[in-house]
Amino acid sequence: MRKYFIAGNWKMHKTVSEATALATELVAELKGGPNKYMIAPTFTSLDAVSKIVKGTNILLGAQNMSTDEQGAHTGEVSPLQLKDLGVQVVILGHSERRHTYKEDDTMINKKVKLALSHGFEVILCVGELLEEREAGKAEAVCEEQTRKGLAGVSADELKKVTIAYEPVWAIGTGKTATPEDADAIHAFIRKVITSMYSASAAEQMIIQYGGSMNAGNAEALLAKENIDGGLIGGAALKAETFKPIALCK
Ligand code: PGA
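### A closer look at the overall build of the protein chain
Then comes step 1: Secondary structure summary: the protein chain contains 12 helices and 8 strands in total.
Then comes step 2: Computed over its C-alpha atoms, the radius of gyration of the protein chain comes to 17 Å, within 12% of the 18 Å expected for a compact globule of 249 residues.
Then comes step 3: Considering only C-alpha atoms, the protein chain reaches an extent of 45 × 45 × 35 Å along its principal axes.
Then comes step 4: Of the contacts formed within the protein chain by residues at least 6 apart in sequence, a portion of 72% connects residues at least 24 apart.
Then comes step 5: Approximately 11100 Å² of the protein chain is accessible, and the part contributed by carbon and sulfur atoms is 52%.

Below, the structure is given as structure tokens:
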């Protein structure tokens, strides 16, 4: 049985004091909870939130990471700096990075390999645009992003990778994929992992759903065989909206 992995992506929200307050609430509310948890505040709040979640059942995530360890990379944050702050998980290839900031599969793959080489867990996000779905290309897009994102990742390293299927048209829009549609893509991604690695690697792979997941739809999504958790944006910004998802069994 795969354990659910429920992760909050706070995106570009919250000052340090707001982030500290939410993290403190979540530590209390999720103590002893049944699932694996992560919260990813903005870079500016990582240090403060790190001190709060340290030693709890909530992992500390970063929302992105540089392709390089150090050097002339204005505005970037290196794996060494994230490690220094106690970050354990890095979200890579989020659709906002792909589409707004033009990160391509080659760059994302470089980040994935660098993060794994530094011992981080990685959440690799994949997902199609609305026009790609309407053109019947959802599977092809997810396959390409999965294959290219994981190129050169060993079977052993893969154990530290979670895939988040996030249909771009469902992110922050209030539109969710139906549990059936989401499950079909998750099953398809599992097949891609089987062909890249092995059936047992695919069986163990945690595949999160992301895109307007909330307290009202989480249970139905998580009930599906291939949906193993959630990467949650909007509903992760308050303890009262994150907790019902986080406590799903
Ligand atoms: P959302 O964001 O839950 O606000 O749709 C999900 C994500 O982008 O990770």
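### Here's the deal with the site of the ligand
Then comes step 1: The immediate surroundings of the ligand are formed by 13 residues, with Lys 11, His 94, Glu 166, Gly 172 and Ser 212 found nearest.
Then comes step 2: For the ligand, an oxygen atom lies 2.7 Å from a polar atom in the backbone of Gly 172.
Then comes step 3: A total of 280 Å² of accessible area belongs to the ligand in isolation, and the protein chains cover 95% of it.
Then comes step 4: Broken down by class, the residue content of the shell around the ligand amounts to 4 nonpolar, 7 polar and 2 charged.

Each value, and the rule that gives it
Residues numbered from 1 in each chain as written. Predicted model: local features only at pLDDT ≥ 70, side-chain atom pairs only at ≥ 80, totals over all residues. Heavy atoms only, no water. Helix = DSSP H or I, 4+ residues; strand = E, 2+ residues; numbered from the N terminus. Rg over C-alpha atoms; globule rule 2.2 N^0.38 Å. Contact = heavy atoms within 4.5 Å. Areas by Shrake-Rupley, 256 points an atom, 1.4 Å probe, with all protein chains shown as cover. Near = heavy atom within 4 Å. Polar contact = N/O pair within 3.5 Å; in protein donor to acceptor, adjacent residues only side chain to side chain. Nonpolar A, V, L, I, M, F, W, Y, C, P; charged D, E, K, R; others polar.

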